[in-house]
There are 2 protein chains.
Amino acid sequence: MEPMTTVSVDEPAGQDRKAPGRPRNAQADQAIIQAVFDLLSSGQSADAVSIEAVAARAGVGKATIYRRWPNKEALLVDAVATMKGPLPEPVGESVRDDLIMLISAMRNKRMEHYGKVTMCLLPEIAKSPEMRRIYQGVIEPRRDVMRGVLRRGITSGELRADLDVELTLLMLSGPTAMQNMMHWNPQVPDDNFAERLVDAILRGAGA
Amino acid sequence: MEPMTTVSVDEPAGQDRKAPGRPRNAQADQAIIQAVFDLLSSGQSADAVSIEAVAARAGVGKATIYRRWPNKEALLVDAVATMKGPLPEPVGESVRDDLIMLISAMRNKRMEHYGKVTMCLLPEIAKSPEMRRIYQGVIEPRRDVMRGVLRRGITSGELRADLDVELTLLMLSGPTAMQNMMHWNPQVPDDNFAERLVDAILRGAGA
DNA sequence: ACAATACGATACGAGTCTGTTCCGTATCGA
DNA sequence: TCGATACGGAACAGACTCGTATCGTATTGT
């Protein structure tokens, strides 16, 4: 907030910071974040994930965590932010293939793990505006990619001209998210899920 | 762990139980359950809902709660069980109308309140098998009703003969649940949601 | 009147969690 | 070698929660 009156040692672009003393163990950062994911995906609610448990799971001391994050919320926020992987890029040949690829990208091994994590984080997301902002930052770019595919399909004539793009986005991501997070309908098999969902949406249920 | 000498909660057919002493305040039971819902829907995770907070919110003493439920989990289980309202019954004239009615039934004022509650309960449902069993008991009968409507539509010819019923159930309830719980896609308006979703599924997105 | 029970309020013990502080040790630059 | 910092481990105070117990009071049947 207020500027430092003492000699501020704001790090310049140069990475070769003075850094006297022992440098931090970069491995510890990864281990701590990974421990958060492990605990969350093993059925603990976000509230139930204690710093002590994270430290024990990561094999570090509590002080090592508090040296990096000021409190538990900051740690959780950072963990959510790292869920953001590389953006998938549609090929652009066929709308059907692009949609199948995008849905599949939500269901690879990494995301399968994140599904349970996300479910346990939902109360946090509902409660903390900061957390909601971070989470939106993960979701919205991906939704934008899919939105572009649908718009392109409309102009190319592959999709109905009067298609409701936003509703279709919901029809694609909603069932996918519910299955990822909680196997909402256990009767729907995982095999070829993306292909079957996209085809069902494209063709419709009417006779 | 002495046996309860007091009146068991579920009264047998004979209502005029002996009941010496002051009778229980039936209003308190409702107030306690309602307090649980209020706290859950105001962004508290299930773990964060403390008995003391429930007592304060309901305007009762802690002892009044522990006189009715043995522990916190039993209270939450009972709260989830009371989310089960009357089963909606399809009219049976048109599949489209029945589906719209069923989706709308998930989105009335009571369910809108329950959406946030359910989201905050998801970690509990994921963790506790008992809670999951109760929750399934609420969901499954409703899914069965919708399943019946779809099957009838196939035999009547209103729906494609090769329709994947389970996938279609997921396509109906998945987007609805995501919108109810967290307004997953804020761009999709609430007005006529059920009608627009059902029509989109029936007609399909293809040109 | 009297026993029996429920009520709201409060206090309590046992346990857990957060966030801080110290320890002895390990690892860096100078 | 020396100062500075990080490390894992442990202890700690303060706060919170659960579940029980105990107040004084209110409300019932007998």
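For the structure itself, look to the data block above.
Notes on the structure in this doc start here.

On to the overall build of chain A, then. Secondary structure summary: chain A contains nine helices and zero strands in total. For chain A, the α and β elements follow one another from N to C terminus as α-α-α-α-α-α-α-α-α. On C-alpha atoms alone, chain A measures out to a radius of gyration of 21 Å, which is more than a quarter above the 17 Å that the 2.2 N^0.38 rule sets for 207 residues. Its C-alpha atoms put chain A at 70 × 40 × 30 Å along the principal axes. Across the 207 residues in chain A, those meeting the buried criterion constitute 46%. Long-range pairs, those at least 24 residues apart, make up 67% of the contacts in chain A with a sequence separation of at least 6. Entry remark: accessible area of chain A is about 11100 Å², with carbon and sulfur atoms responsible for 52%. Counting 26 positive and 27 negative side-chain charges, chain A places the centres of these two groups 5 Å from one another.

This part takes up the pattern of salt bridges. Any two side chains of opposite charge can pair, on the condition that their charged atoms come close. A complete count under the given rule lists 36 salt bridges over all chains for this structure. Salt-bridge contacts for Glu130(A) lead to Arg133(A); the nearest nitrogen and oxygen are separated by 3.5 Å. Here Arg133(A) and Glu130(A) lie together in helix 7 (residues 129-156), a separation of three residues that amounts to about one turn. Judged by relative accessible area, which is 51%, Arg133(A) ranks as exposed. With a closest N to O distance of 3.5 Å, Arg203(A) and Asp162(B) form a salt bridge. You can see Arg203(A) sitting in helix 9 (residues 193-203) and its partner Asp162(B) sitting in the loop between helix 7 (129-156) and helix 8 (165-182), one on each of two chains. Via salt bridges that share partners, Glu140(A), Arg143(A), Asp144(A), Arg147(A) and Glu166(A) belong to a single interconnected network.

Residues and elements named next belong to chain B. Every buried residue of helix 4 (residues 72-81) is accounted for by Leu75, Leu76, Val77, Ala79 and Val80. On the buried face of helix 4, the contacting elements are helix 1 (26-41), helix 2 (51-58), helix 3 (62-66), helix 6 (109-127) and helix 7. The N-capping residue of helix 4, defined by a side-chain oxygen 3.3 Å from the backbone nitrogen of Glu73, is Asn71.

Taken together, the contact between chain B and chain A spans 51 residues of the former and 51 residues of the latter. With both chains or domains summed, chain B and chain A bury close to 4600 Å², and 64% of this area falls on carbon and sulfur atoms. Of all residues in chain B, Leu170(B), Trp184(B) and Ala205(B) give up the largest surface area on contact with chain A, accounting jointly for 15% of the area buried on that side. Counting every contact that joins chain B to chain A gives four salt bridges. Counting across the chain B and chain A interface gives 21 residue pairs in polar contact (both at pLDDT 80 or more). Secondary structure elements with two or more residues in the side of chain B that touches chain A: helix 6, helix 7, helix 8 and helix 9 (193-203) of chain B. Counted by class, the side of chain B that touches chain A contains 29 nonpolar, ten polar and twelve charged residues.

Another point: helix 5 (residues 95-105) of chain A. Each α-helix turn comprises 3.6 residues. Residues three or four places apart therefore point the same way. Turning to helix 5 of chain A, its buried residues are Val95(A), Asp98(A), Leu99(A), Ile100(A), Leu102(A) and Ile103(A). Where helix 5 of chain A begins, one side-chain oxygen reaches toward the backbone nitrogen of Arg96(A), 3.2 Å away; that side chain belongs to Ser94(A).

A few words now on the relation of the copies chain B and chain A. With an RMSD of 0.2 Å, chain B superimposes on chain A once it is rotated by 179 degrees and translated 0.0 Å along the axis. Expressed as a symmetry operation, the mapping of one chain copy onto the other fits a two-fold axis. When C-alpha positions in chain B are compared against the rotation axis, the closest is assigned to Gly204(B), at 1.8 Å. A shared interface surface links the copies, since 100% of the contact residues of chain B are contact residues in chain A too.

Further remarks concern the side chain of Ser173(B). The residue Ser173(B) is located in helix 8 in this model. Taking relative accessible area as the criterion, Ser173(B) reaches 9% and is therefore assigned buried. When near neighbours in sequence (up to four residues on either side) are disregarded, Ser173(B) contacts Trp184(A) and Met106(B).

Take the environment of Gln30(A) next. Residues and elements named next belong to chain A. Inspection of the secondary structure puts Gln30 in helix 1 (residues 26-41). Here Gln30 falls in the exposed class, since its relative accessible area comes to 61%. With 28 residues separating them in the primary sequence, Gln30 and Ala58 have C-alpha atoms 8.9 Å apart.

Let's shift gears to the protein's contact with DNA strand D. In the vicinity of DNA strand D there are 25 residues, among which Thr64(A), Arg67(A), Arg68(A), Ile51(B) and Lys62(B) approach most closely. Sugar and phosphate atoms constitute 67% of the interface atoms of DNA strand D, taking the interface as everything within 4 Å of the protein. Measuring from a phosphate oxygen of DNA strand D, one finds a side-chain N or O atom of Thr64(A) at 2.4 Å. In this structure, a phosphate oxygen belonging to DNA strand D sits 3.1 Å away from a side-chain N or O atom of Lys72(B). Among the elements of the structure, helix 3 (62-66) of chain A together with helix 2 and helix 3 of chain B are those that each provide at least two residues to the surface near DNA strand D. Element by element, the count of residues in the surface near DNA strand D is highest for helix 3 of chain A, at three residues. Considering only residue class, the surface near DNA strand D consists of eight nonpolar, eight polar and nine charged.

Reading guide: rules and limits
Residues numbered from 1 in each chain as written. Chains lettered and ligands numbered in written order. Predicted model: local features only at pLDDT ≥ 70, side-chain atom pairs only at ≥ 80, totals over all residues. Heavy atoms only, no water. Helix = DSSP H or I, 4+ residues; strand = E, 2+ residues; numbered from the N terminus. Rg over C-alpha atoms; globule rule 2.2 N^0.38 Å. Buried < 20%, exposed > 50% of the residue type's maximum accessible area, 1.4 Å probe, protein only. Contact = heavy atoms within 4.5 Å. Areas by Shrake-Rupley, 256 points an atom, 1.4 Å probe, with all protein chains shown as cover. Lys, Arg positive; Asp, Glu negative; His and termini not counted. Charge placed at Lys NZ, Arg CZ, Asp CG, Glu CD. Salt bridge = Lys/Arg side-chain N within 4 Å of Asp/Glu carboxyl O. Polar contact = N/O pair within 3.5 Å; in protein donor to acceptor, adjacent residues only side chain to side chain. Buried area = accessible area lost by both parts, 1.4 Å probe. Nonpolar A, V, L, I, M, F, W, Y, C, P; charged D, E, K, R; others polar. Least-squares fit on C-alpha atoms with pLDDT ≥ 70 in both. Near = heavy atom within 4 Å.

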